[in-house]
Amino acid sequence: MRFLRSAAVLAAIVGVVGLVGFADLTGELEIFSWWAGDEGPALEALIEIYEGMYPDVDVINATVTGGSGVNAKAVLKTRMLGGDAPDSFQVHAGQELIGTWVIADRMEDLTFLYEDAGWMDKFPSDLIGLLGTDDGIWSVPVNIHRSNVNWYIPANLQAWGVEVPTTWDEFLAIAPGLEAQGIVPLALAQNWTVNHLWESVAVAVLGADDYAKLWDGTLAFDSDKGIAVWEKLAEILEYTNADAASLSWQQATDMVVNGQAAFNIMGDWAAGYMTTTLGLEPGTGYGWAPSPGTAGVFIALSDSFGLPVGAPNRDNCIAWLKVLGSVEGQDAFNPIKGSIAARLDSDLTKYNAYGQSAAADWAADVIAGSLAHGFAANEGFMNDFATVMEIFLASKSPTQAAAAAAAIALQNGIGN
Ligand code: GAL
């Protein structure tokens, strides 16, 4: 096993070397992310490639645990404001990058790297658009994750006599029967996973076009349609576990795997967790479907890494970004992570059945941007939205939540 891993890493190194060559680098490289513990193996595979190429660089894998970066982002902000930038940090493509860090002049332009490495036509142009402004390209994407996925265990559904719901109304129809059998219809975790659920419900209720209009300000959050999203969410939350707030996303996945719950709406890092950590086979050990009402829409997000202004080890970071953006790096990382490569020339034979189906959907579906994972709105809105969600979870008032969402949209420049 160990030998096989080393052989694979060596092959990857040879491939990457073919692209970028060795360099005589020393010193440190601090990589900051929230990929700790169960989320770590894919990042470690990338680091292993880097360390093979640059054995004299001391890599510091600085992680702050907490799904979707709930804790890491706060720590990062403190460090950046305090003049203690890491060499590279995880940041979502889209508004989390542009509306938070680029706008504040905290990132270096990486256009030179895209040109040197020949990447301009290796990534989808829409994705480069999300990483760029008129003044530059600001990070390197390592993956594409899908947010709107409904996870389940096929054998359990069969035993309980239920089908995978294709709409939320179908879910609401089968949920009481599941509860009667002592099964939680929908497993939920801490509050950010409710934001995550919200975007799936929003696309289901509004459709991809109107969902996009929320972000360009042409559909008001407190319109009748906006309110309808919160109404549907309130109905769905009736069928979730009471201890959600104290669970990690992995624990919500565990509830499905252990047969305590029927479904969980989570990004496809759950596929990585079930395959890499739990050793389940996609298709037989676990199943997936678009979250109810979202077939044909792919709610996307992309993890990326950039070069902060003032990074202590700039050359080491540039070498890291080259590994991250190479086809070998992406195809070492993503099959473990549950995501697909951001690059267009990835080798799909390296991906399991889930990854291959995600790649097919990514190519065919309408793409919508994730709110919970930084694509759709800046961090100001996301932070305020988390507060709106907390209030909603206590009040369950759709009109109040919709009005509050409209107010924070205005405050954070959406639609201005
Ligand atoms: C997302 C991130 C994923 C995964 C997930 C759970 O924000 O893009 O890569 O880490 O959070 O923590």
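See above for the structure.
So, here is what we can say about the structure in this document. (Residues numbered from 1 in each chain as written. Predicted model: local features only at pLDDT ≥ 70, side-chain atom pairs only at ≥ 80, totals over all residues. Heavy atoms only, no water.)

A word on the overall build of the protein
When its secondary structure is counted, the protein shows 17 helices and 14 strands. At 21 Å, the protein has a C-alpha radius of gyration in line with the 22 Å of a compact globule built from 416 residues. Structurally, the protein occupies a C-alpha span of about 65 × 50 × 35 Å along its principal axes. Counting across all 416 residues of the protein, residues that qualify as buried make up 57%. Of the roughly 16,000 Å² of accessible surface on the protein, a fraction of 53% belongs to carbon and sulfur atoms. Of the charged side chains in the protein, 17 are positive and 50 negative, and the gap between their average positions amounts to 2 Å. (Helix = DSSP H or I, 4+ residues; strand = E, 2+ residues; numbered from the N terminus. Rg over C-alpha atoms; globule rule 2.2 N^0.38 Å. Buried < 20%, exposed > 50% of the residue type's maximum accessible area, 1.4 Å probe, protein only. Areas by Shrake-Rupley, 256 points an atom, 1.4 Å probe, with all protein chains shown as cover. Lys, Arg positive; Asp, Glu negative; His and termini not counted. Charge placed at Lys NZ, Arg CZ, Asp CG, Glu CD.)

What about the site of the ligand?
Around the ligand, the structure places 13 residues, and the nearest of them are Glu39, His92, Asp303, Lys337 and His373. With respect to the ligand, the backbone of serine 68 contributes an N or O atom lying 2.8 Å from an oxygen atom. Here the ligand has 300 Å² of accessible area as a free molecule, and 100% of this is covered by the chains. Tallied by class, the residues present in the shell around the ligand amount to 5 nonpolar, 5 polar and 3 charged. (Near = heavy atom within 4 Å. Polar contact = N/O pair within 3.5 Å; in protein donor to acceptor, adjacent residues only side chain to side chain. Nonpolar A, V, L, I, M, F, W, Y, C, P; charged D, E, K, R; others polar.)

A look at the sheet that holds strand 10 (residues 261-266)
What holds strands together in a sheet is hydrogen bonding between their backbones, with the strands either parallel or antiparallel. If you walk across this open sheet you meet the 4 strands as 9-10-8-11, and the pairing is mixed. Each having just a single partner strand, strand 9 (184-186) and strand 11 (287-290) make up the two edges of the open sheet. For this sheet the average axis-to-axis angle between neighbouring strands, irrespective of direction, equals 25°. Two elements, strand 9 and strand 10, share 2 bridges in a ladder whose sense is parallel. The residue of strand 10 that forms the bridge with valine 184 is alanine 261. Packing of helix 11 (residues 249-257) onto the sheet brings it into contact with strand 8 (149-152), strand 9 and strand 10, and relative to strand 10 it is tilted by some 145°. (Pairing = 2+ DSSP bridges. Axes fitted to C-alpha atoms, helices over the stretch in contact; angles between N-to-C directions. Contact = heavy atoms within 4.5 Å.)

Details of the sheet that holds strand 6 (residues 140-141)
Strands sit in the order 2-1-3-13-6 across an open sheet of 5 strands; the sheet is mixed. The two strands at the open ends of the sheet, each matched to only one other strand, are strand 2 (57-63) and strand 6. Inspection of the sheet shows strand 6 paired to strand 13 (residues 303-305) by 2 bridges, in the antiparallel sense. Looking at the pairing, valine 140 lines up with phenylalanine 305 of strand 13. Along the sheet face, helix 2 (residues 41-53) touches strand 1 (27-33) and strand 2 and points at about 165° away from the line of strand 2.

Side note on the packing of aromatic side chains
Tallied over the full model, the rule gives 28 aromatic pairs. Ring plane angle 55° and centroid distance 5.2 Å describe the contact between phenylalanine 298 and tryptophan 362, whose orientation is recorded as tilted. Note that phenylalanine 298 is positioned in strand 12 (residues 297-301) and tryptophan 362 in helix 15 (residues 353-364), a separation of 64 residues in sequence. Residue class for phenylalanine 298 comes out buried when judged on its relative accessible area of 0%. Taken together, the ring pairs in this structure connect Trp198, Tyr211, Trp215, Phe221, Trp230, Phe381, Phe385 and Phe392 into an aromatic cluster. Residue placement shows arginine 343 over the ring face of phenylalanine 123; its charged tip is 6.0 Å from the ring centre. (Phe/Tyr/Trp six-rings, centres within 6.5 Å; stacked < 30°, edge-to-face > 60°. Lys NZ or Arg CZ within 6 Å of the ring centre and 35° of its normal.)

So, the pairing of strand 12
Of all 5 residues making up strand 12, 5 are buried, and the element is well covered by its neighbours. Across the two faces of strand 12 the burial is the same, with Val297, Ile299 and Leu301 and Phe298 and Ala300 all buried.

Observations concerning the packing of helix 9 (residues 192-216) against helix 16 (residues 379-395)
Between helix 9 and helix 16, the least distance of the axes is 13 Å, while the angle of their chain directions is 120°. Relative to helix 16, the crossing made by helix 9 is right-handed. Contact residues: Val194, Asn195, Trp198 and Trp215 in helix 9; Phe381, Phe385, Ala386, Met389 and Leu393 in helix 16. (Left-handed = near helix turned anticlockwise from the far one by under 90°.)

Thoughts on helix 13 (residues 314-325)
The terminal C-alpha atoms of helix 13, which comprises 12 residues, lie 16 Å apart, in line with the 16 Å expected from a rise of 1.5 Å per residue. Residues of helix 13 that are buried include every one of Asn316, Cys317, Ile318, Ala319, Trp320, Leu321, Val323, Leu324 and Gly325, and no others. (Expected span 1.5 Å × (residues − 1).)

Brief notes about unusual backbone geometry
Despite not being glycine, serine 68 has its phi angle at roughly 60°, a positive value. By secondary structure assignment, the location of serine 68 is in the loop between strand 2 and helix 3 (72-81). Here the phi dihedral of lysine 396 falls at roughly 55°; this positive angle occurs in a residue that is not glycine. Within the secondary structure layout, lysine 396 lies in the loop between helix 16 and helix 17 (398-411).

Quick look at the nonpolar core
Among the nonpolar cores identified, the biggest contains 84 residues, and Tyr50, Tyr114, Trp151, Trp320 and Leu321 are the most heavily contacted of them. Residues contacting tyrosine 50, with those up to four places away along its chain left out, are Leu25, Leu29, Val57, Val59, Asn316, Ala319, Trp320 and Val323. Formed by 57 residues, the second largest nonpolar core is a distinct cluster that contains Ala244, Val297, Phe381 and Ile414. (Core = buried A, V, L, I, M, F, W, Y, C linked by side-chain atoms within 4.5 Å.)

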